[in-house]
Amino acid sequence: EAGVTQSPTHLIKTRGQQATLRCSPISGHTSVYWYQQALGLGLQFLLWYDEGEERNRGNFPPRFSGRQFPNYSSELNVNALELEDSALYLCASSPPQDTGELFFGEGSRLTVL
Amino acid sequence: AQSVTQLGSHVSVSEGALVLLRCNYSSSVPPYLFWYVQYPNQGLQLLLKYTSAATLVKGINGFEAEFKKSETSFHLTKPSAHMSDAAEYFCAVSPNGGFKTIFGAGTRLFVKA
């Protein structure tokens, strides 16, 4: 069974540009979560999508947005990039019978210059 | 509201020594509790989880954790550290399988030869 896959692995952008990160959940999983892991700041919850709808978002500005597609894959968009957006962005998925366990991808490393 | 506190951002042990990583939680309802491990430049991998069955939970790679309700603790232990255990470890709490898993700040484990 394939795990959670994320692309790209690495992405380099400059300030003011836009970044798009993609995530494919495990087959059968309907929820997708996005986390930001910046250096020294631990895991910060960004967004939760379930059945195509945004269910909850963390304390991030509106320039962080995303969506979930009918096949449950998801993308995270970050507009007007700032230097402090440099981080590892982790996607996780969970099955419909939610026990709180999250299945993580390898992450996308975003560097903003 | 749920919260997780990991005592010690860095722990250093010698190879073969006991590993003890501390985690305390607060939760208004009986929680699901998790330990995840993150190797450098990788996503998080589930080590073990407590879901209100046995209070002593065994995980992968020889790790185990004991749920102590009276102490609101879920400390992670391993009898004998191996060099390959060097990684960052995250404790997490999820209220009854709810959507929002709360992560601790993480503890980086160093293993000395």
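Structure: above.
Remember, predicted model here, so these are calculated numbers, not experimental data. (Residues numbered from 1 in each chain as written. Chains lettered and ligands numbered in written order. Predicted model: local features only at pLDDT ≥ 70, side-chain atom pairs only at ≥ 80, totals over all residues. Heavy atoms only, no water.)

**Q** Explain the overall build of chain B to me, please; I cannot follow it from the model alone.
**A** What chain B contains, in helices and strands, is zero helices and 11 strands. Scaling as 2.2 N^0.38, a compact globule of 113 residues should have a C-alpha radius of gyration of about 13 Å, and chain B matches this with 13 Å. Taken across its 113 residues, chain B has 44% of its residues classed as buried. Taking the intrachain contacts of chain B between residues at least 6 apart in sequence as the baseline, contacts between residues at least 24 apart amount to 56%. Of the accessible surface of chain B, which amounts to about 5,300 Å², a share of 53% is contributed by carbon and sulfur atoms. For chain B, the distance from the average position of its 9 positive side-chain charges to the average position of its 6 negative side-chain charges is 6 Å. (Helix = DSSP H or I, 4+ residues; strand = E, 2+ residues; numbered from the N terminus. Rg over C-alpha atoms; globule rule 2.2 N^0.38 Å. Buried < 20%, exposed > 50% of the residue type's maximum accessible area, 1.4 Å probe, protein only. Contact = heavy atoms within 4.5 Å. Areas by Shrake-Rupley, 256 points an atom, 1.4 Å probe, with all protein chains shown as cover. Lys, Arg positive; Asp, Glu negative; His and termini not counted. Charge placed at Lys NZ, Arg CZ, Asp CG, Glu CD.)

**Q** Help me understand the side chain of A:Ser73, please; the structure alone is not making it clear to me.
**A** Residues and elements named next belong to chain A. Structurally, Ser73 is set in the loop between β7 (64-68) and β8 (74-78). Accessibility expressed as a relative area gives 13% for Ser73, which makes it buried. Here Asn71 takes part through its side chain, which lies 2.7 Å from a polar atom of the side chain of Ser73. (Polar contact = N/O pair within 3.5 Å; in protein donor to acceptor, adjacent residues only side chain to side chain.)

**Q** Help me out: how do you make sense of the interface of chain B and chain A in this one?
**A** Often the size quoted for an interface is simply the accessible area lost on bringing the parts together. Listed as interface residues are 19 residues of chain B and, on the opposing side, 19 residues of chain A. Summing both partners gives a buried area of about 1,600 Å² for chain B against chain A, and 54% of it is carried by carbon and sulfur. Taken together, chain B and chain A are joined by one salt bridge. Here A:Glu101 and B:Lys49 are joined by a salt bridge, their closest N and O atoms 2.6 Å apart. (Buried area = accessible area lost by both parts, 1.4 Å probe. Salt bridge = Lys/Arg side-chain N within 4 Å of Asp/Glu carboxyl O.)

**Q** Is there a simple way to explain the sheet that holds strand β3 (residues 19-24) of chain A in this structure?
**A** Within a sheet, adjacent strands bond to each other through the backbone by hydrogen bonds, running parallel or antiparallel. Residues and elements named next belong to chain A. Pairing is antiparallel across the open sheet formed by four strands, whose spatial order is β1-β3-β8-β7. Looking at strand neighbours, the two that pair on one side only are β1 (5-7) and β7, the edges of this open sheet. On average, each strand axis in the sheet is inclined to that of its neighbour by 15°, with strand direction left out of account. Sheet topology note: the β1/β3 ladder contains three bridges and is antiparallel. (Pairing = 2+ DSSP bridges. Axes fitted to C-alpha atoms, helices over the stretch in contact; angles between N-to-C directions.)

**Q** Would you mind going over the pattern of salt bridges with me for this structure?
**A** Opposite charge on two side chains makes pairing possible when the charged atoms of those side chains draw close. Residue and element names in this part refer to chain A. Counted by the stated rule, this structure contains nine salt bridges over all chains. With its nearest N and O atoms 3.9 Å apart, the salt bridge here joins Asp50 to Arg55. Asp50 gets classed as buried once you look at its relative accessible area, which sits at 15%. With its nearest N and O atoms 3.9 Å apart, the salt bridge here joins Arg57 to Glu54. For Glu54, a relative accessible area of 39% corresponds to the partly exposed category.

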